[in-house]
Amino acid sequence: MSAMTDQFQKTYNFKVESLESKVRLDKFLQDNLKDISRVKIQEAIKEGLTLLNNKTVIKSSTKLSENDEVQITIIQEQQAKIEAQNIPLHVYYQDNDIIVFEKPAGISMHIGAGNPDKTIVNALLYITKGKLSVLGGATRPGIVHRLDKDTSGVMVAALTDKAYASLSKQFSKHSIFRQYTALSWGMPNQLEGRIENKIMRSKFNRQKMMLTFGEKGKEAITNYETKKTFLNGKISQILCTLETGRTHQIRLHLASQNNPIIGDKTYGKDEKYLSTIKDENVKEVLSEVKRQMLHATTLKFSHPITHKLMSYKSPLPSDMKSLIDFLKMS
């Protein structure tokens, strides 16, 4: 079902006091607007809703000096009237501020084009009785990080605005520990290592990301370790630890090393690798894989209110576990 959106706006004024060194505009505003996410602040700057000494600025990286006057208008979308739906989710932990849960493969994070309902947000609204932070936006209440539709694993969402702001800051600082298990084609040339490439959205297909080696793009770092190999190195089970969390990061990084994830229809080449497998039974099983074999295994973060270390480990889902068991016997 479609969402109904109400908007309201509020203008904030600041004067830059004494500075030890020049500071970025978005960093200054984030420090002074604790309950508003950095993403929301950067969007407002980009949309021309920020004045520096009465002149519009659109770059988040603009440096401020002592006695500068800053004005920003934040447009907030009140939580959309999204239907709460009784969609089963395994909940690891829930309190007044956060909920930690297991995302199944095949379900989108939030409503959007092609996803009118039956999303993670619909499920969370039912479980939390409608208590989710509105800072994520009208269609994404409570969502502080995302997994692709066909990626499974452990996640955290925010029930309060204070929790949302704290978790968003942890994600932006890359202080949250995240590990993923992937089943990939081939065997890495180095069994463990670090992949460091900038990532940006593709100029040719807005649904895809691409590596970039110039000034554009965002830094993306994936540390990986090959845990097991199967079929004489034709398939590997790889543990990936993120230093950053960019869109499609693991999928793109592994594909860039000629180890695309099995079942990845965007960056993978299943047909190419299937053609090298002689055993028809093995080939048939692998050809029936319905989604990318990627699972968010471990999540560690600081509780946004109590600051206690929260640590969760998710077992592999049945489709990945069954495939691994099959490959062990092949």
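Here's what I pulled together on the structure shown here. (Residues numbered from 1 in each chain as written. Predicted model: local features only at pLDDT ≥ 70, side-chain atom pairs only at ≥ 80, totals over all residues. Heavy atoms only, no water.)

Considering the overall build of the protein chain
Scanning the protein chain for helices and strands turns up 8 helices and 16 strands. Computed over the C-alpha atoms, the radius of gyration of the protein chain is 22 Å, within 12% of the 20 Å expected from 2.2 N^0.38 for a compact globule of 330 residues. If one aligns the C-alpha atoms of the protein chain with their principal axes, the spans along those axes are about 70 × 45 × 40 Å. By residue count, 48% of the 330 residues in the protein chain fall in the buried class. Intrachain contacts of the protein chain at a sequence separation of at least 6 include 67% that bridge at least 24 residues. As displayed, the protein chain has an accessible area near 17100 Å², and 48% of this comes from carbon and sulfur atoms. (Helix = DSSP H or I, 4+ residues; strand = E, 2+ residues; numbered from the N terminus. Rg over C-alpha atoms; globule rule 2.2 N^0.38 Å. Buried < 20%, exposed > 50% of the residue type's maximum accessible area, 1.4 Å probe, protein only. Contact = heavy atoms within 4.5 Å. Areas by Shrake-Rupley, 256 points an atom, 1.4 Å probe, with all protein chains shown as cover.)

A closer look at the pairing of strand S15 (residues 294-302)
Here is the key point about a regular strand: its side chains alternate between the two faces of the sheet. Where burial is concerned, most of S15 is hidden: 7 out of the 9 residues are buried. Judged from the 2 bridges that link them, strand S9 (residues 152-158) and S15 form a sheet pairing that is parallel. In the sheet register, Ser152 faces S15, and the bridge partner there is His295. Sheet analysis places strand S10 (residues 177-185) next to S15, joined by 6 bridges and oriented antiparallel. Note on S15: the bridge partner recorded for Phe177 is Lys300. (Pairing = 2+ DSSP bridges.)

Re the nonpolar core
The biggest cluster of nonpolar side chains holds 48 residues, and the ones touching the most others in it are Leu124 and Leu286. Here the element with the most residues in this core is helix H3 (residues 120-127); it accounts for 5 residues. (Core = buried A, V, L, I, M, F, W, Y, C linked by side-chain atoms within 4.5 Å.)

Some thoughts on the pattern of salt bridges
Taken as a whole, this structure holds 11 salt bridges when the rule is applied. One salt bridge in this structure joins Glu243 and Arg194, with 2.5 Å as the shortest N-O distance. Of this pair, Glu243 sits in the loop between strand S14 (235-242) and helix H5 (249-256) while Arg194 sits in strand S11 (residues 192-201); the two residues are 49 residues apart in sequence, bridging distant segments of the chain. Overall, Arg194 belongs to the partly exposed group, its relative accessible area being 43%. Between Arg291 and Asp319 there is a salt bridge whose closest N-O contact spans 2.9 Å. One end of the pair, Arg291, is in the loop between helix H7 (280-287) and S15; the other, Asp319, is in helix H8 (residues 318-329), and 28 residues separate them in sequence. Residue classification places Arg291 among the buried positions, given a relative accessible area of 6%. (Salt bridge = Lys/Arg side-chain N within 4 Å of Asp/Glu carboxyl O.)

Let's talk about helix H4 (residues 161-172)
The first and last C-alpha atoms of H4 sit 16 Å apart over 12 residues, in line with the 16 Å expected at 1.5 Å per residue. Buried residues belonging to H4 abut strand S8 (98-103), S9, S10 and S15. (Expected span 1.5 Å × (residues − 1).)

Structural notes on the packing of aromatic side chains
Here the structure, examined in full by the defined rule, presents 4 aromatic pairs. Measuring from centroid to centroid gives 6.0 Å for Phe14 and Phe28, while their planes differ by 90 degrees, and the two rings are edge-to-face. Taken together, the residues Phe14 in strand S1 (residues 6-15) and Phe28 in helix H1 (residues 25-32) connect sequence positions 14 residues apart. With a relative accessible area of 19%, Phe14 lands in the buried category. Members of the aromatic cluster, joined through ring pairs, are Tyr92, Phe301 and Tyr312. One cation-aromatic arrangement involves Lys300 over Phe177; the distance from NZ or CZ to the ring centre is 5.1 Å. (Phe/Tyr/Trp six-rings, centres within 6.5 Å; stacked < 30°, edge-to-face > 60°. Lys NZ or Arg CZ within 6 Å of the ring centre and 35° of its normal.)

Examining the pairing of S14
Across the 8 residues of S14, 8 count as buried, placing the element largely inside the fold. Residues Ile235, Gln237, Leu239 and Thr241 of S14 are buried on one face, and the alternating residues Ser236, Ile238, Cys240 and Leu242, pointing to the opposite face, are buried as well. Pairing geometry for strand S13 (residues 218-230) and S14, over 8 bridges, is antiparallel. Bridge pairing links Thr226 to Ile238 in S14. Where S13 folds back on S14, the antiparallel hairpin that results is connected by 4 residues, among which Leu231 adopts a positive phi of roughly 50 degrees.

A look at unusual backbone geometry
Located in the positive-phi region is His174, a residue other than glycine, with phi close to 60 degrees. Topologically, His174 is positioned in the loop between H4 and S10. The partly exposed category is assigned to His174, whose relative accessible area is 33%. In this model, Asn232 sits at a positive phi of 55 degrees, which is unusual for a non-glycine residue. Position of Asn232 relative to the elements: it lies in the loop between S13 and S14. The exposed category is assigned to Asn232, whose relative accessible area is 85%.

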